[in-house]
Amino acid sequence: MIAFIELQQASALVVHGLGFSLLVGRIVHAYGVSQEKENYKLRTVGMGLTFGPMLIAAVTLIRSVLLTS
């Protein structure tokens, strides 16, 4: 979805922000899961940083399609 956002000529700040948030989210989630005693706070933050950019990208793409129709 981030690639489609970039194809819509979104600013570089938006594209990099979404990608960075997704990357950090996956790393934080993996770290939280890999602990002997799982850290649910890190897992929750990681999931939020993963699903947040996906939701923002989806809403942005749907909005751009509806506005161009």
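Preceding this section is the structure that the text describes.
Our subject in this report is the structure included herewith.

1. Section: the nonpolar core
Next, step 1: Formed by Ile5, Val15, Leu18, Ala57 and Leu61, the largest nonpolar core amounts to five residues.
Next, step 2: Put simply, the parts of the chain that give this core at least two residues each are α2 (12-34) and α3 (40-68).
Next, step 3: Excluding anything up to four places from it in sequence, Ile5 contacts Ala10, Val14, Val15, Leu18, Ala57, Thr60 and Leu61.

2. Points about the packing of α2 against α3
Next, step 1: Orientation of α2 relative to α3, taken along the N-to-C sense of each, is 155°, at an axis distance of 7 Å. When the axes of α2 and α3 are compared, the pair comes out roughly antiparallel. Handedness of the crossing formed by α2 with α3: left-handed. On α3, the residues that touch Leu18, Ser21, Leu22, Val24, Gly25, Arg26, Val28, His29, Tyr31, Gly32 and Val33 of α2 are Leu42, Arg43, Val45, Gly46, Met47, Leu49, Thr50, Pro53, Ile56 and Ala57.
Next, step 2: Of the residues assigned to the contact of α2 with α3, the class counts are 13 nonpolar, six polar and two charged.

3. Regarding the pattern of salt bridges
Next, step 1: Under the definition given, this model contains one salt bridge.
Next, step 2: For Glu38, the salt bridge goes to Arg43, with nearest N and O atoms at 2.6 Å.
Next, step 3: For Glu38, a relative accessible area of 32% puts it in the partly exposed group.

4. Thoughts on a nonpolar patch on the surface
Next, step 1: A contiguous nonpolar surface patch, about 380 Å² in accessible area, is contributed by Met1, Met47, Phe51 and Met54.
Next, step 2: Summarising the element assignment, Phe51 is placed in helix α3.
Next, step 3: Since its relative accessible area comes to 51%, Phe51 is described here as exposed.

5. Let's talk about the environment of Ser64
Next, step 1: Along the polypeptide, Ser64 turns up in helix α3.
Next, step 2: For Ser64, a relative accessible area of 18% puts it in the buried group.
Next, step 3: Separated by 51 residues in sequence, Ser64 and Leu13 place their C-alpha atoms 18 Å apart.

Cut-offs used in this document
- Residues numbered from 1 in each chain as written.
- Predicted model: local features only at pLDDT ≥ 70, side-chain atom pairs only at ≥ 80, totals over all residues.
- Heavy atoms only, no water.
- Core = buried A, V, L, I, M, F, W, Y, C linked by side-chain atoms within 4.5 Å.
- Buried < 20%, exposed > 50% of the residue type's maximum accessible area, 1.4 Å probe, protein only.
- Helix = DSSP H or I, 4+ residues; strand = E, 2+ residues; numbered from the N terminus.
- Contact = heavy atoms within 4.5 Å.
- Axes fitted to C-alpha atoms, helices over the stretch in contact; angles between N-to-C directions.
- Parallel < 35°, antiparallel > 145°, perpendicular 65-115°, else oblique.
- Left-handed = near helix turned anticlockwise from the far one by under 90°.
- Nonpolar A, V, L, I, M, F, W, Y, C, P; charged D, E, K, R; others polar.
- Salt bridge = Lys/Arg side-chain N within 4 Å of Asp/Glu carboxyl O.
- Patch = residues over 30% accessible without salt bridge, like charges linked within 9 Å, V, L, I, M, F, W, Y side chains within 5 Å.
- Areas by Shrake-Rupley, 256 points an atom, 1.4 Å probe, with all protein chains shown as cover.

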